[in-house]
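# Structural characterization, general
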Amino acid sequence: MLDQIKGLHHVTSMAASARTNNRFFTDTLGLRRVKKTVNFDAPDVYHLYYGDEVGTPGSVMTYFPFPHIARGRPGSGEVGTTLFSVPEGSFGYWRERLTKAGVEGLKTDSAFGENRLHFAGPDGDGFALVEVKDDPREAWTGNGVGDDHAIRGFHSASLRLRDEGATAELLKFMGYDQVDAKDGVLRLRIPGGNGADVIDIETMPNINGARLGAGSVHHIAFAVENREKQLEVRKALMDTGYNVTPVIDRDYFWAIYFRTPGGVLFEIATNEPGFDRDEDTAHLGEALKLPTQHAHLRAMLEEHLEPLDA
């Protein structure tokens, strides 16, 4: 069993409108845009990152907004719901704020003794807030949400699978412990993690496979401290039979990817070097930052890409 993984690093999804996506995460949810860059493989498309003040691993939601992309179809083999940690007693505030913003899909429930407020993103994305007592992580409060209510980072993510078996074994190999099971949901947790510690597996044997599109999670990333730890994880996964990519430089972290038995794309990402490697912390996410191989496209991209703050 591995001990290098410390919880979630980021979750990356698809969107249809960059401006709508930016407004939702900054104005409605109160997160900070910590990086405005482009997709490495499709530089005419943004890659937007939102999180806490510095984009701490375990707080970062990222998006590829492809204009006019079709809506995704929910199903098996994908991340179903991404859940954020908020302070205990803050649901009244969030229900009022989300309602005023016209957010759809609001409903409350509880699972494993935790209260949850579900809501939909602009493209039907599945989200929920979870009330967590004494989450020690510092919140970003620069977008008008006070510290008593602000999002601390991820709480967890749920995987929708037809069968839990092989993916549950993989997560246990990655260092997760099974802590509970109820109503067809298996809960696993990284002991001593970064706060974004929980993965729930929802077993849904009779639903069709998901179709990737706007509102879908493209991949889910797990955090390791550095490149040395990442290489240890890569070797262990390959020795176990997984087809893992070489290490890829993503400017703000190094990444490896592999497909899980249930169909979900997993990434292992390093905490280093961080989002302040090319911007001062006070100005994160303000300027368009381009990967070196796309720097020559700046004039075209600045003309082509949708203004976010208009």
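In this text the structure is predicted, and so the values were computed from the model without any measurement.

## Describing the side chain of Glu267
- In this fold, Glu267 is placed in strand β16 (residues 265–273).
- An unpaired buried charge is present at Glu267: no salt bridge exists, and Arg250, the closest side chain of opposite charge, is 5.9 Å distant.
- A polar contact is formed between the side chain of Glu267 and the side chain of His219, at a distance of 2.8 Å.
- Setting aside anything within four residues of it in sequence, one finds Glu267 in contact with His10, His219, Ile220, Ala221, Phe222, Phe253, Ala255, Ile256 and Tyr257.

## Re the UniProt feature "domain: VOC" (unreviewed entry) in the protein chain
- Residues annotated by UniProt as "domain: VOC" (unreviewed entry) correspond here to residues 7–132 and 153–271.
- End-to-end, the C-alpha atoms of residues 7–132 are 16 Å apart, and along that stretch the chain is 17% helix and 44% strand.
- Along residues 153–271, the helical share is 18% and the strand share 42%, with 15 Å between the first and last C-alpha atoms.

## Description of the sheet that holds strand β15 (residues 253–259)
- One open sheet accounts for eight strands, arranged β2-β3-β4-β1-β13-β16-β15-β14; its pairing is mixed. Of all the strands in the sheet, the pair left with one neighbour each is β2 (32–38) and β14 (248–249).
- Pairing of β2 with strand β3 (residues 46–51) involves six bridges; the strand directions are antiparallel. Residue pairing in the sheet places Arg33 in a bridge with Tyr50 of β3.

## Quick notes on helix α2 (residues 91–100)
- All of the buried residues in α2 are Phe91, Trp94 and Leu98. Down the axis of α2, the sector holding all buried residues measures 60°, keeping them to one side. The outward face of α2, more than 90 degrees from its buried face, is lined by the exposed residues Gly92, Glu96 and Lys100.
- Residues of α2 that are buried sit in contact with α1 (18–28), β5 (78–87), β7 (114–120) and β8 (126–132).
- With its phi angle positive at about 80°, Gly102 sits one or two positions after the end of α2.

## Quick word on the environment of Gly80
- Along the chain, Gly80 turns up in strand β5.
- Residues within four places of Gly80 in sequence aside, it is in contact with Gly126, Ser158, Leu159 and Arg160.

## Structural notes on the packing of aromatic side chains
- For the coordinates displayed, the defined rule picks out 18 aromatic pairs.
- When the centroid spacing of 5.5 Å and the interplanar angle of 25° are considered together, the rings of Phe84 and Phe154 count as stacked. With Phe84 in strand β5 and Phe154 in strand β9 (residues 153–161), this pair connects stretches of sequence that are 70 residues apart.
- By relative accessible area, Phe154 is classed as buried at 0%.
- One aromatic cluster is present, built from ring pairs that chain together Phe24, Phe25, Tyr50, Tyr63, Phe84, Phe119, Phe127 and Phe154.

Thresholds, definitions, all that
- Residues numbered from 1 in each chain as written.
- Predicted model: local features only at pLDDT ≥ 70, side-chain atom pairs only at ≥ 80, totals over all residues.
- Heavy atoms only, no water.
- Helix = DSSP H or I, 4+ residues; strand = E, 2+ residues; numbered from the N terminus.
- Buried < 20%, exposed > 50% of the residue type's maximum accessible area, 1.4 Å probe, protein only.
- Lys, Arg positive; Asp, Glu negative; His and termini not counted.
- Salt bridge = Lys/Arg side-chain N within 4 Å of Asp/Glu carboxyl O.
- Polar contact = N/O pair within 3.5 Å; in protein donor to acceptor, adjacent residues only side chain to side chain.
- Contact = heavy atoms within 4.5 Å.
- UniProt positions renumbered as here; feature names shortened; annotations may be inferred.
- Pairing = 2+ DSSP bridges.
- Arc of directions from axis to C-beta.
- Phe/Tyr/Trp six-rings, centres within 6.5 Å; stacked < 30°, edge-to-face > 60°.

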